[in-house]
Amino acid sequence: MRIGELAGVVGITTRAVRHYHRIGLLPEPPRQPNGYREYKLRDAVELARIRRLTELGLSLDEVKDVLADDVGRDLVEILAELDADLARQEEAIRQRRVRLGHLLEQADRTGRLPVEAPVSPELAALFDDMARASARLPGPEPAMAAKERELLALLETGSPGGDRDWLYAMGQSLSADAEAMRHAYAVYAQMDALAEAAEDDPRVEETAQAIVESIPDEAAKSVIAAEGKGGSGEEGGFADALFAEFAPAQAAAVRRAIELLRERAG
């Protein structure tokens with residue numbers, strides 16, 4: 001058989017056959033006097049096996065290892081690893097579909113998705129409650145409310161699963177208590193009012209106190225821990241980047257709130 005016939009029998013391209021020759025995966029037969037290579041049935045059998053192994057998901061290096069092992073023990077090991085990897089991918093796909101399902105259900109129920117989407121179902125529920133609370137208030141939503149949603153989405157994304165409990169606890173406390181949500185929006189409005197204020201404005205202390213009163217104890221402990229890890233005194237730290245988003249008086253209120261939270265934590 002010529003190379004085109006060989007490739008046609010196995011169902012691959014002649015380019016693939018030549019590539020397998022170059023990397024040493026398929027032995028290259030010597031050229032005949034006429035200058036052509038003549039392939040035998042054994043070549044077709046080996047090439048067909050290469051195709052079957054690659055279709056299972058093995059890399060060409062793994063295929064080479066399998067073909068070099070006459071007993072076949074390496075193949076069993078490789079297939080077991082491949083099966084485990086596919087199982088992990090399958091679970092990851094299942095989880096992604098669950099998240100997509102939540103998002104599609106939310107879009108169908110509310111007619112929209114928050115600009116911060118996609119987020120977890122827990123955070124999406126909190127954002128829905130915030131949207132409803134904002135709709136009941138006169139005037140536009142405070143800018144600080146939107147900024148907080150962005151921050152919560154960021155913190156959720158960057159936190160390992162075990163570190164999200166405080167985030168969800170805060171969301172549940174707001175969602176379960178209409179008064180707590182109203183208080184939170186009052187704090188957002190207070191923060192907005194500091195946008196043009198000086199750092200020594202007396203409203204800074206009032207706003208800091210209001211911030212502390214709006215944060216549950218469990219969330220307060222994690223805020224303090226996160227602030228310590230972020231290192232507000234470290235140049236380029238997370239806290240520095242966060243405070244840079246605030247006007248001077250707003251940043252002063254947040255820093256003062258952190259001090260008060262430390263005092264409250266004892």
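Here's what I pulled together on the structure shown here. Worth saying up front: this structure is predicted, and the values here are computed from it rather than measured. (Residues numbered from 1 in each chain as written. Predicted model: local features only at pLDDT ≥ 70, side-chain atom pairs only at ≥ 80, totals over all residues. Heavy atoms only, no water.)

Per the stated rule, a full pass over the model turns up one aromatic pair. For the cation-ring pair, Arg2 lies above Tyr36, with the distance from its terminal atom to the ring centre recorded as 4.1 Å. (Phe/Tyr/Trp six-rings, centres within 6.5 Å; stacked < 30°, edge-to-face > 60°. Lys NZ or Arg CZ within 6 Å of the ring centre and 35° of its normal.)

Interhelical geometry of helix 9 (residues 178-193) versus helix 10 (residues 203-214) gives an angle of 155° and a closest axis separation of 10 Å. When the axes of helix 9 and helix 10 are compared, the pair comes out roughly antiparallel. Of the two elements, helix 9 crosses helix 10, and the hand of that crossing is left-handed. Contacts between helix 9 and helix 10 involve His183, Val187, Gln190, Met191 and Ala193 from the first element and Arg203, Glu206, Thr207, Ala210, Ile211, Glu213 and Ser214 from the second. Taken together, the residues that form the contact of helix 9 with helix 10 break down as five nonpolar, four polar and three charged. (Axes fitted to C-alpha atoms, helices over the stretch in contact; angles between N-to-C directions. Helix = DSSP H or I, 4+ residues; strand = E, 2+ residues; numbered from the N terminus. Parallel < 35°, antiparallel > 145°, perpendicular 65-115°, else oblique. Left-handed = near helix turned anticlockwise from the far one by under 90°. Contact = heavy atoms within 4.5 Å. Nonpolar A, V, L, I, M, F, W, Y, C, P; charged D, E, K, R; others polar.)

Quick look at helix 10 now. Its 12 residues place the ends of helix 10 16 Å apart at the C-alpha level, agreeing with the 16 Å of an ideal helix rising 1.5 Å per residue. Residues Val204, Thr207, Ala208, Ala210, Ile211 and Val212 constitute the buried set of helix 10. (Expected span 1.5 Å × (residues − 1). Buried < 20%, exposed > 50% of the residue type's maximum accessible area, 1.4 Å probe, protein only.)

The subject of this paragraph is the environment of Gln190. Of note, Gln190 is situated in helix 9. Sequence spacing of Gln190 and Gln250 is 60 residues, and the spatial spacing of their C-alpha atoms is 9.2 Å. Each residue touching Gln190, except ones within four places of it in the same chain, is listed here: Glu206, Thr207 and Ala210.

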